[in-house]
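Residue-level listing of the chains:
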Amino acid sequence: DTEVTQTPKHLVMGMTNKKSLKCEQHMGHRAMYWYKQKAKKPPELMFVYSYEKLSINESVPSRFSPECPNSSLLNLHLHALQPEDSALYLCASSPRTVNTEAFFGQGTRLTVV
Amino acid sequence: AQKVTQAQTEISVVEKEDVTLDCVYETRDTTYYLFWYKQPPSGELVFLIRRNSFDEQNEISGRYSWNFQKSTSSFNFTITASQVVDSAVYFCALSWPPGNTGKLIFGQGTTLQVKP
């Protein structure tokens, strides 16, 4: 099983809503990542979790709140987003944070209205 | 500073043609790692290859091949006998710090369209 599963695939939310994105992997990977990708741009790293602890936060606004409840799950809680936050949010995992490659999910296409 | 340049924004070929995607990187490190990822319309990034700076051997995997040349700081990707299913955005990336898996410095991507 080499899958990283993200739900939902699509999400439309208002600026006052609270929603969560979910990511799951069962490959035994100990590193998980959130990326944001705007249209026609490369992905940008948001957060890195290593052994369920947040190791990197790329100066992401606090309206994005990550959570890693266990080694297989990664959530991204969203609150008071802005229309410019509309993007493809990609989750990835890797066996460790160095000297290996990451495996990505299909992403959640988020639209903020 | 680290940088990855993919000068070709879009390439269009007819099925069965060979196509080369260019990637030029900049780094002052002597140890570094380069990647190629494919992003089909469905959205996920599909890992294609990881190469470290000490291994300059060219690699072939089926119809895919990679030419790594440190002298020109290039890591080009060739698809032989292209197929419609190869249509996607292809990203070349450099990990930073060297070896770090998650923090990838991506090029802007090359959109490949393969027409039947």
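Before reading on, note that the structure itself is shown above.
Novice: Where do I start with the pairing of strand S11 (residues 108-112) of chain A in this structure?
Specialist: Along any regular strand the residues' side chains alternate between the sheet's two faces. Residue and element names in this part refer to chain A. Judged by which residues are buried, S11 turns out to be one-sided: Thr108, Leu110 and Val112 face inward and are buried, whereas Arg109 and Thr111, on the alternate face, are not. In the sheet, strand S2 (residues 10-13) pairs with S11 via four bridges, with the strands oriented parallel. Bridge pairing in S11 places valine 12 opposite threonine 111. The pairing of strand S9 (residues 87-94) with S11 spans three bridges and is classified as antiparallel. If you follow alanine 87 over to S11, its bridge partner there is leucine 110.

Novice: Where do I start with the packing of aromatic side chains in this structure?
Specialist: The relation between two aromatic rings is expressed through the spacing of the ring centres and the mutual angle of the planes. Scanning the model with the defined rule gives 17 aromatic pairs over all chains in all. Residues phenylalanine 35 of chain B and tyrosine 37 of chain B carry aromatic rings whose centres are separated by 6.3 Å and whose planes lie at 20° to one another, so their mutual orientation is stacked. Judged by relative accessible area, tyrosine 37 of chain B falls into the buried class, the value being 0%. One aromatic cluster is present, formed by Tyr33, Tyr35, Phe103 and Phe104 of chain A together with Phe35, Tyr37 and Phe47 of chain B through successive ring pairs.

Novice: Would you mind going over the interface of chain A and chain B with me for this structure?
Specialist: The figure often quoted for interface size is the accessible area lost as the parts come together. With 22 residues of chain A in contact, the opposing surface of chain B contributes 21 residues. Where chain A abuts chain B, roughly 1,800 Å² becomes buried across the two surfaces, and 52% of that area is made up of carbon and sulfur atoms. Here lysine 103 of chain B makes a salt bridge to glutamate 58 of chain A, at a shortest N to O gap of 2.8 Å. At the boundary of chain A with chain B, the tally comes to four residue pairs in polar contact (both at pLDDT 80 or more). Only strand S4 (31-37) and S9 of chain A provide two or more residues apiece to the side of chain A that touches chain B. By residue class, the composition of the side of chain A that touches chain B is 10 nonpolar, seven polar and five charged.

Novice: Can you walk me through the pairing of strand S2 (residues 10-14) of chain B in this structure?
Specialist: Residues and elements named next belong to chain B. Across the two faces of S2 the burial differs, with Ile11 and Val13 buried and Glu10, Ser12 and Val14 not buried at all. Pairing between S2 and strand S12 (residues 110-115): five bridges, direction parallel. In the sheet register, isoleucine 11 faces S12, and the bridge partner there is leucine 112.

Novice: What is the right way to read the pattern of salt bridges from this model?
Specialist: Pairs can form between side chains of opposite charge whenever their charged atoms are close. Counted according to the given criterion, the structure contains eight salt bridges over all chains. Of the charged contacts in the structure, one is a salt bridge between lysine 36 of chain A and aspartate 85 of chain A, with a shortest N-O distance of 3.9 Å. Residue lysine 36 of chain A is located in strand S4, and its partner aspartate 85 of chain A is located in the loop between strand S8 (73-79) and S9; the two are separated by 49 residues in the primary sequence. A salt bridge links arginine 50 of chain B to glutamate 101 of chain A; the nearest nitrogen and oxygen atoms lie 2.9 Å apart. Of the two residues, arginine 50 of chain B sits in strand S6 (residues 46-52) while glutamate 101 of chain A sits in the loop between S9 and strand S10 (103-104), which places them in two different chains. Residue classification places glutamate 101 of chain A among the buried positions, given a relative accessible area of 16%. One salt-bridge network, in which partners are shared between bridges, spans Lys36, Arg63 and Asp85 of chain A.

Novice: Please explain the state of the cysteines as it appears in this structure.
Specialist: Disulfides are covalent bonds that link the sulfur atoms of two cysteine residues. Counted according to the given criterion, the structure contains two disulfides over all chains. Through a disulfide, cysteine 23 of chain A is tied to cysteine 91 of chain A; the S-S separation comes to 1.9 Å. Its S-S torsion of about -70° marks the bond between cysteine 23 of chain A and cysteine 91 of chain A as left-handed, since a negative value means left-handed. In this pair, cysteine 23 of chain A sits in strand S3 (residues 18-25) while cysteine 91 of chain A sits in strand S9, placing the two residues 68 residues apart along the sequence. The disulfide partner of cysteine 23 of chain B is cysteine 92 of chain B, and the gap between their sulfur atoms is 2.0 Å.

Novice: Looking at this structure, I do not really get the nonpolar core. What am I missing?
Specialist: Across soluble globular proteins, nonpolar side chains show a tendency to be buried alongside one another. Trp36, Trp66, Phe77, Tyr90 and Leu112 of chain B are the most contacted members of the largest nonpolar core, which totals 24 residues. Secondary structure elements with two or more residues in this core: S2, strand S3 (19-21), strand S5 (33-39), S6, strand S8 (64-69), strand S9 (74-79), strand S10 (88-95) and S12 of chain B. In terms of residue count, S10 of chain B provides more of this core than any other element does, four residues in total. Beyond its immediate chain neighbours, meaning those up to four positions away, tyrosine 90 of chain B contacts Gln6, Leu21, Trp36, Tyr37, Lys38, Leu48, Tyr64, Phe77, Ile79, Gly109, Thr110 and Leu112 of chain B. Counting residues in hydrophobic clusters, the runner-up holds 23 residues, among them Val4, Met13, Met27 and Tyr89 of chain A.

Definitions and cut-offs
- Residues numbered from 1 in each chain as written.
- Chains lettered and ligands numbered in written order.
- Predicted model: local features only at pLDDT ≥ 70, side-chain atom pairs only at ≥ 80, totals over all residues.
- Heavy atoms only, no water.
- Buried < 20%, exposed > 50% of the residue type's maximum accessible area, 1.4 Å probe, protein only.
- Helix = DSSP H or I, 4+ residues; strand = E, 2+ residues; numbered from the N terminus.
- Pairing = 2+ DSSP bridges.
- Phe/Tyr/Trp six-rings, centres within 6.5 Å; stacked < 30°, edge-to-face > 60°.
- Contact = heavy atoms within 4.5 Å.
- Buried area = accessible area lost by both parts, 1.4 Å probe.
- Salt bridge = Lys/Arg side-chain N within 4 Å of Asp/Glu carboxyl O.
- Polar contact = N/O pair within 3.5 Å; in protein donor to acceptor, adjacent residues only side chain to side chain.
- Nonpolar A, V, L, I, M, F, W, Y, C, P; charged D, E, K, R; others polar.
- Disulfide = S-S within 2.5 Å.
- Core = buried A, V, L, I, M, F, W, Y, C linked by side-chain atoms within 4.5 Å.

That's the geometry; what it means functionally is another story.
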